[in-house]
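Residue strings, one per chain:
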Amino acid sequence: MNRITLNRIKDKGFLVTGIISTFIGLVLLLIFMADIFIEGAPRISWKFIVSLPSRIPERAGIYTAMMGSVWVLILTTIISFPIGVSAGIYLEEYAKQGRLSRLLEVNISNLAGVPSIIYGLLGLEIFARVMRLGSSVLAGSITLALLILPIIIVATRESIKAVPQSIRDASYALGASKWQTIYRQVLPASFGGILTGVILALSRAVGEAAPLIVVGALAYVPFAPRSPLDDFSILPIQIFNWISRPQHGFIVNAAAAIIILLIITFAMNGIAIYLRSRWQKRVSW
Amino acid sequence: MIRTREQIIETFLLISAFITIFTTVGIILVLAIEAFKFFREVSVIEFFTSTEWTPLFTQKHYGILPLLSGTLLTSFIAILVALPIGLAIAIYLSEYAPKQFRTYVKPSLELLAAVPTVVYGFFALTVVTPFLQSFIPGMSGFNSLSAGFVMGIMIIPIVSSLSEDALNAVPASLREASYGMGSTRLQTAIKVTVPAASSGIVVSVILAISRAIGETMIVAIAAGQQPRFTINPLVPVETLTAYIVQVSLGDVQHNSVEYRTIFAAGITLFVFTFILNSVSHWLKNKYREKYE
């Protein structure tokens, strides 16, 4: 066999390797999901969703954890959305090229790389102890809001950057002020992209367990939170707790709760992808 | 009137941007202050040289090495999985696959990173470990091998996506010159595009390592909670992150040495990821200058 044929065979060989590599992760994920589904799906019922936690696996439900997750999601959105979008607007529209904007930029990209559990330590010390919020939904939500802030800021900046300068110039030419231009022209034009980024960031927040464990979210709470200052649990922590128990019944519960968590996460990702494609189609400059 | 309003709005936006600075300052202060208090009670030498970490036992030892070795071991296994697969994906997508295919595959791969990590932990503990145990008889129920493996699957998209961007940024002329000399796509990839994109690929790997080092739930669930200074992937270990979780779940008194150990572990973790992220940032800037 000569060298040319050998090289062609190697080339084809890598083609196969590449295709296998591309799909191996997804195939493994599918196998995992199938396994979870077989184990957990029979356990899912309306009763499982509305039941309180219990020592007996067959009676336990995810109501408190689920309501905790909903509370956290809502509060995190309320806190992170305005701050993240405002910071993005500032960096893209107001900040002058210079040391300050450079510092802000480097800082944000560094924050994006800080492990989530470190945010938990920040939340534990500052929000739970110094600000005396305790291990409340509010303390947890502020922590998560800070965690996803870099993602929202980056998404906001990229969407705003995509709005052409001509739109702003036209607005200024009609006598609009800077904020009027941003509020009435730039934001509506970039809102789809911003929303996509925010939803993706929130879907990450819903799945986070580590920072909230550190802040002090509990594995067992007898009631769903009624105010932002109540103790809470969330779905991922409930799952973690069930996984660490020896009885098989709790493993089944964990699988069932994972199905619900995955439905929420994938639905949010799906909405985000749908919004992105719709927005890209509609707005073409 | 409008001018005042504009001024107020700009100030509000500026404050929002500054919240990110406060966050960084807050993290550094909290970690530094608590770690400082910790080191008033525990000697720095013991912290860095003792190979035992038993702050929750009666016989207390405060050596960070077992937690550090657990962290590095699981991360190393993860990179062993993610680097070859991620790089193969990147080369395949940039050199072989049709463009259309790429636009569908890339978002699907991102899905791997979107799955909550507690779910990956469940996979590692209930699927991967029993599967591996059928081949490796002496394997413990908690081990760094399955945790590392699953973590590797999770970080594939970090390696593949950033490496692919780097490969795509290589000017087409280099590729065409290589084809013109009669090379195959694989030869072009190995001899031309991968070396030309090497700094971008290194950045992707560093970011993946940093992500693996900071990962918590997978290792807390599947790698065990026994600090052990070892490189044996078949026995239970404990990572820095898993230790923080373990203490947070327990009932530890505020203002005690035990409480401060999680900040000592935290600052170690923070320093590691900070160095890795800074190196990747520095490399990225250097590499950008090369092509633009």
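Keep in mind the model is a prediction, meaning the values are calculated, not measured.

Novice: In this structure, what is going on with the overall build of chain A? I would like to understand it.
Specialist: Of regular secondary structure, chain A possesses 11 helices and 0 strands. Mapped in sequence order, the helices and strands of chain A form the string α-α-α-α-α-α-α-α-α-α-α. Taking the principal axes of the C-alpha coordinates as reference, chain A spans close to 75 × 70 × 35 Å. Of the contacts made within chain A by residues no fewer than 6 positions apart, 75% connect residues no fewer than 24 positions apart.

Novice: How should I be thinking about the overall build of chain B in this particular structure?
Specialist: Assigned secondary structure in chain B consists of 12 helices and 0 strands. The secondary structure elements of chain B, listed N-terminal to C-terminal, are α-α-α-α-α-α-α-α-α-α-α-α. The principal-axis extent of the C-alpha atoms belonging to chain B is close to 75 × 70 × 35 Å. Each of the 292 residues in chain B was classed as buried or not, and the buried ones make up 49%. For chain B, the proportion of contacts with a sequence separation of at least 24, taken over those separated by at least 6, is 73%.

Novice: Explain unusual backbone geometry to me, please; I cannot follow it from the model alone.
Specialist: Peptide bonds are mostly trans, and most non-glycine residues show a negative phi. Not every positive phi belongs to a glycine, and A:R132 is a case in point at roughly 55 degrees. Position of A:R132 relative to the elements: it lies in the loop between α5 (116-130) and α6 (137-161). Among the residues examined, A:R132 registers 10 C-beta atoms within 10 Å and is labelled exposed. Even without being glycine, B:N255 reaches a positive phi, approximately 75 degrees. Mapped onto the secondary structure, B:N255 falls in the loop between α11 (240-249) and α12 (257-291).

Novice: How should I be thinking about the environment of A:A176 in this particular structure?
Specialist: Residue and element names in this part refer to chain A. Topologically, A176 is positioned in the loop between α7 (165-173) and α8 (178-207). Under the C-beta neighbour-count criterion, A176 is labelled partly exposed, with 17 such atoms within 10 Å. Ignoring sequence-local partners within four residues, the contact set of A176 consists of S171 and T181.

Novice: Explain the domain arrangement of chain B here, please?
Specialist: How big an interface is tends to be stated in terms of accessible area lost as the parts join. All names here are of chain B. Each assigned domain of chain B is listed with its residue range as follows: domain 1 (2-41) and domain 2 (65-291). Computed from C-alpha atoms alone, the centre-to-centre distance between domain 1 and domain 2 is 30 Å. The interface is formed by 7 residues belonging to domain 1 together with 8 residues belonging to domain 2. When the residues that make up the side of domain 1 that touches domain 2 are grouped by side-chain class, the tally is 4 nonpolar, no polar and 3 charged.

Novice: I keep staring at the interface of chain B and chain A and nothing clicks. Help me out?
Specialist: Contacts between chain B and chain A engage 65 residues on the former and 64 residues on the latter. Top contributing element to the side of chain B that touches chain A by residue count: helix α1 (residues 2-41) of chain B, with 19 residues. The class makeup of the residues in the side of chain B that touches chain A is 41 nonpolar, 20 polar and 4 charged.

Novice: Before we go on, may I ask you to explain the packing of helix α3 (residues 63-94) of chain A against helix α10 (residues 235-243) of chain A in this structure?
Specialist: Each pair of packed helices can be summarised by the angle the axes make with each other and by the distance between the axes. Residue and element names in this part refer to chain A. Between α3 and α10, whose axes approach to 7 Å, the crossing angle comes to 145 degrees. Contact residues: A65, M66 and S69 in α3; L235, I237 and Q238 in α10. Among the residues making up the contact of α3 with α10, the classes are represented as 4 nonpolar, 2 polar and no charged.

Novice: Please explain helix α1 (residues 3-40) of chain A as it appears in this structure.
Specialist: Since the α-helix turns once every 3.6 residues, residues separated by three or four places project in the same direction. Over its 38 residues, α1(A) extends 54 Å from the first C-alpha to the last, a length consistent with the 56 Å expected when each residue adds 1.5 Å. The largest bend in α1(A) amounts to roughly 35 degrees and is located at A:I24.

Novice: Hey, could you run me through the environment of A:P225 in this one?
Specialist: Residue and element names in this part refer to chain A. Here P225 shows up in the loop between α9 (210-215) and α10. Separated by 160 residues in sequence, P225 and A65 have C-alpha atoms that sit 9.4 Å apart. In this structure, P225 is in contact with M67, G68, W71, V137, D230 and F232, ignoring residues within four places of it in sequence.

Novice: Even after reading the chapter, I still don't get the packing of helix α4 (residues 99-112) of chain A against α1(B), so can you show me in this structure?
Specialist: Where α4(A) meets α1(B), the axes come as close as 10 Å, and the angle between the chain directions of the two elements is 55 degrees. By the angle between their axes, α4(A) is oblique relative to α1(B). Considering the relative orientation of α4(A) and α1(B), their crossing is left-handed. Along the contact surface, α4(A) presents A:L104, A:N107, A:I108, A:N110 and A:L111, while α1(B) presents B:A17, B:T20, B:I21, B:T23 and B:T24. Partitioned by chemical class, the residues of the contact of α4(A) with α1(B) number 5 nonpolar, 5 polar and no charged.

Novice: I tried to follow the domain arrangement of chain A on my own but got confused; where do I start?
Specialist: Residue and element names in this part refer to chain A. Per the domain assignment, the segments making up chain A are domain 1 (3-43) and domain 2 (47-282). The C-alpha-based centres of domain 1 and domain 2 are spaced at 32 Å. With 6 residues of domain 1 in contact, the opposing surface of domain 2 contributes 7 residues. Of the residues belonging to the side of domain 1 that touches domain 2, the class tally is 3 nonpolar, 1 polar and 2 charged.

Novice: How should I be thinking about the environment of B:F48 in this particular structure?
Specialist: By the element assignment, B:F48 lies in helix α2 (residues 44-49). The sequence separation of B:F48 and B:L65 amounts to 17 residues, and the corresponding C-alpha distance is 6.6 Å.

Basis of the calculations
Residues numbered from 1 in each chain as written. Chains lettered and ligands numbered in written order. Predicted model: local features only at pLDDT ≥ 70, side-chain atom pairs only at ≥ 80, totals over all residues. Helix = DSSP H or I, 4+ residues; strand = E, 2+ residues; numbered from the N terminus. Contact = placed C-beta atoms within 7 Å. Buried ≥ 20, exposed ≤ 12 C-beta atoms within 10 Å, placed from the backbone. Domains from an automatic or database assignment. Nonpolar A, V, L, I, M, F, W, Y, C, P; charged D, E, K, R; others polar. Axes fitted to C-alpha atoms, helices over the stretch in contact; angles between N-to-C directions. Expected span 1.5 Å × (residues − 1). Bend = angle between axes of the 7 residues up to and from the residue. Parallel < 35°, antiparallel > 145°, perpendicular 65-115°, else oblique. Left-handed = near helix turned anticlockwise from the far one by under 90°.

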